Amino acid sequence: MTASSPSTFVAPFATPSPAVEAALERLRSFPGEKAIAVGLSGGVDSSLTAALLQAAGWRVEGLTLWLMSGKGACCAEGLVDAAALCESLAVPHHVVDSREVFKKEIVEFLLENYVAGLTPLPCSRCNRAVKFGPMLAWAEKERGLKRLATGHYARLRYCSNGRTQLLRGLDSHKDQSYFLYDLPQAILSSLVFPLGELTKIDTRQEASRLGLRTATKAESQDLCLADHHGSMKAFLDAYLPERPGQIVLADGTVVGKHDGIEHFTIGQRKGLGVAWSEPLHVVRLDAAMNQVVVACRKDAGRSFCTVAALNWVSIAAPLEAFEVEVQVRYRSAPELAILTPLSDSSCQLQFKEEQFSITPGQAAVFYAGEVLLGGGLIQLETSI
């Protein structure tokens, strides 16, 4: 995870930039009723989302989920900034207490997975189980609003066959489609992503031009739990008891000690605390033996993995093998692989080149260029 850091000030345009004007025109020409709930985290992206929708003539109401008590972008600071934004826009602001569902669906889920030797991906699960679905349900039931907008950098394409396709955001450095792969069609068809064709610079400039209080607000960490506790290690240490064990080679040779397998991830090379004749990489977390298994780079690669809990987004579930671009981490580059369906909900990936960060618990997300086809969770294998 990357630590929060102050943003660089971006001088605003005197008038909306061409990219922002195009975004406003897309919102003005959007079909159907122009009434919407906007998920507000208190950051610049969601703030500008609300401001653009209002400027384009939409009836906007802000909606913030209360996920945790205390500091952090999703907590006290975010709630204050979201409320202040709605006051400045003269739109209603609603806070929904989601602490219990967040604790069950995310905190408990994370802890169970880390103990089992997985490196779970909470963001996509949170988007489906805690955020998008529940926010849409609340907005429609309580406010009669059938659409939801967020500040995600992703795009949607509405097809004539009724399917809603999910596309990468135009800004390759901010594209967040990876975290949205698990959203079902029923939710995608009700979403609006006003920032999908903007860059982060566009967002900062327009927020500054409009005088939004979040225009220069620092970026938060990728994980709100890390932001909340100070680091992911601090979060895990707060919930899990110490369980020190051994760092071993595949043949069982002990090369070091660890303070908990949950503090390691597949592919990790730095911070192992192991002195060896050549660099070692983590290749497996053995929960049963409480061991971190390491290997030198020539033995650390893998060319295949099984993916389950699939969600097909932009296409129907395939029946035959085909070539895809696969992203196995949020920041990783897409890699070519042959996807072979095992069932509607599972498949095997055979990569063209060996990979060093195929991590059980993380998402493998499939693309064809800018179109997100689907994705699922990488499964724990019995061997390297």
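Placed above this text is the structure.
Here is a short report on the structure shown in this document. (Residues numbered from 1 in each chain as written. Predicted model: local features only at pLDDT ≥ 70, side-chain atom pairs only at ≥ 80, totals over all residues. Heavy atoms only, no water.)

### Focus on the overall build of the chain
Turning to step 1, where the next piece is worked out: Helices and strands together make up the secondary structure of the chain, namely nine helices and 17 strands.
Turning to step 2, where the next piece is worked out: Relative to the compact-globule value of 21 Å for 384 residues, the chain shows a C-alpha radius of gyration of 22 Å, a close match.
Turning to step 3, where the next piece is worked out: When its C-alpha atoms are laid out on the principal axes, the chain stretches across 65 × 45 × 40 Å.
Turning to step 4, where the next piece is worked out: Taken across its 384 residues, the chain has 54% of its residues classed as buried.
Turning to step 5, where the next piece is worked out: When contacts within the chain are restricted to residue pairs at least 6 apart in sequence, those whose partners lie at least 24 apart make up 67%. (Helix = DSSP H or I, 4+ residues; strand = E, 2+ residues; numbered from the N terminus. Rg over C-alpha atoms; globule rule 2.2 N^0.38 Å. Buried < 20%, exposed > 50% of the residue type's maximum accessible area, 1.4 Å probe, protein only. Contact = heavy atoms within 4.5 Å.)

### Some points on the packing of aromatic side chains
Turning to step 1, where the next piece is worked out: Under the counting rule described, the total for this entry stands at seven aromatic pairs.
Turning to step 2, where the next piece is worked out: A centroid spacing of 5.6 Å and a plane angle of 40° characterise the contact between tryptophan 312 and phenylalanine 366, whose relative ring orientation is tilted. With tryptophan 312 in strand β12 (residues 302–312) and phenylalanine 366 in strand β16 (residues 363–368), this residue pair connects regions lying 54 residues apart in the sequence. The exposure classification of tryptophan 312 matches that of phenylalanine 366, with both residues buried.
Turning to step 3, where the next piece is worked out: Each member of the aromatic cluster is reached from another via a ring pair, and the members are Phe30, Trp58 and Tyr158.
Turning to step 4, where the next piece is worked out: The ring of tyrosine 367 has arginine 168 sitting right over it, with the charged end atom 3.6 Å from the ring centre.
Turning to step 5, where the next piece is worked out: The cationic tip of arginine 302 hangs over the ring face of phenylalanine 304; the distance from NZ or CZ to the ring centre is 5.7 Å. (Phe/Tyr/Trp six-rings, centres within 6.5 Å; stacked < 30°, edge-to-face > 60°. Lys NZ or Arg CZ within 6 Å of the ring centre and 35° of its normal.)

### Here's the deal with the sheet that holds strand β10 (residues 280–286)
Turning to step 1, where the next piece is worked out: Across the sheet, four strands lie side by side as β9-β8-β11-β10; this open sheet has mixed pairing. Here the strands that pair on one side only, and so sit at the sheet edges, are β9 (254–258) and β10. When strand polarity is set aside, the average angle formed by the axes of neighbouring strands in this sheet is 30°.
Turning to step 2, where the next piece is worked out: Across four bridges, the pairing between strand β8 (residues 245–249) and β9 is antiparallel. Residue pairing across strands places isoleucine 247 opposite glycine 256, the latter belonging to β9. (Pairing = 2+ DSSP bridges. Axes fitted to C-alpha atoms, helices over the stretch in contact; angles between N-to-C directions.)

### Thoughts on the packing of helix α1 (residues 18–28) against helix α2 (residues 44–55)
Turning to step 1, where the next piece is worked out: α2 packs onto α1 with a crossing angle of 60° between their chain directions and a minimal axis gap of 9 Å. As far as their axial angle goes, α2 and α1 are oblique. Where α1 crosses over α2, the handedness of that crossing is right-handed. When α1 is examined against α2, the residues Val20, Leu24 and Leu27 are found in contact with a partner set consisting of Leu52, Leu53 and Ala55.
Turning to step 2, where the next piece is worked out: Of the residues in the contact of α1 with α2, the class split is six nonpolar, no polar and no charged. (Parallel < 35°, antiparallel > 145°, perpendicular 65-115°, else oblique. Left-handed = near helix turned anticlockwise from the far one by under 90°. Nonpolar A, V, L, I, M, F, W, Y, C, P; charged D, E, K, R; others polar.)

### Quick word on α1
At 3.6 residues per turn, the α-helix brings residues three or four places apart onto the same side.
Turning to step 1, where the next piece is worked out: Taken residue by residue, α1 has Val20, Ala23, Leu24 and Leu27 as its buried positions. All buried residues of α1 fall inside an arc of 100° around its axis, so they share one side.
Turning to step 2, where the next piece is worked out: Contacts made by the buried residues of α1 are with α2, β7 (191–192) and α7 (200–210). (Arc of directions from axis to C-beta.)

### Description of helix α5 (residues 122–143)
Turning to step 1, where the next piece is worked out: Along α5, the sharpest change in direction is near 40° and occurs at arginine 128.
Turning to step 2, where the next piece is worked out: Of the positions making up α5, those classed as buried are Pro122, Cys123, Ser124, Cys126, Asn127, Val130, Phe132, Gly133, Met135, Leu136 and Ala139.
Turning to step 3, where the next piece is worked out: On the buried face of α5, the contacting elements are β1 (35–39), β2 (59–66), α4 (99–115), β4 (148–149), α6 (185–188) and β7.
Turning to step 4, where the next piece is worked out: At the exit of α5 stands glycine 144, carrying a positive phi of roughly 70°. (Bend = angle between axes of the 7 residues up to and from the residue.)

### Remarks on the sheet that holds β2
Turning to step 1, where the next piece is worked out: Ordered by their spatial adjacency, five strands build an open sheet running β3-β2-β1-β4-β7, and the pairing between neighbours is parallel. Whereas interior strands pair on both sides, the edge strands pair on one side only; in this sheet they are β3 (93–97) and β7.
Turning to step 2, where the next piece is worked out: Looking at chain direction, β2 and β3 are connected through five bridges and run parallel. Across the sheet, the residue bridging to leucine 63 is histidine 94, located in β3.
Turning to step 3, where the next piece is worked out: Running at roughly 165° to β1, α2 makes contact with β1, β2 and β4 of the sheet.

### Side note on the nonpolar core
Turning to step 1, where the next piece is worked out: Ranked by size, the top nonpolar core spans 48 residues in total, and within it Phe102 and Leu191 carry the most contacts.
Turning to step 2, where the next piece is worked out: Here this core gets seven residues from one element, more than from any other, and that element is α5.
Turning to step 3, where the next piece is worked out: Core analysis: the next-biggest nonpolar cluster, separate from the first, contains 30 residues, Ala82, Leu85, Cys86 and Leu198 among them. (Core = buried A, V, L, I, M, F, W, Y, C linked by side-chain atoms within 4.5 Å.)

### Quick look at the side chain of glutamine 327
Turning to step 1, where the next piece is worked out: Looking at the element boundaries, glutamine 327 is found in strand β13 (residues 322–327).
Turning to step 2, where the next piece is worked out: Overall, the relative accessible area of 3% leaves glutamine 327 in the buried class.
Turning to step 3, where the next piece is worked out: In terms of polar contacts, glutamine 327 uses its side chain to reach the backbone carbonyl oxygen of arginine 329, at 3.3 Å.
Turning to step 4, where the next piece is worked out: Not counting chain neighbours up to four residues away, the residues in contact with glutamine 327 comprise Arg168, Tyr178, Ser332, Pro334, Ala363, Ala364, Val365 and Tyr367. (Polar contact = N/O pair within 3.5 Å; in protein donor to acceptor, adjacent residues only side chain to side chain.)

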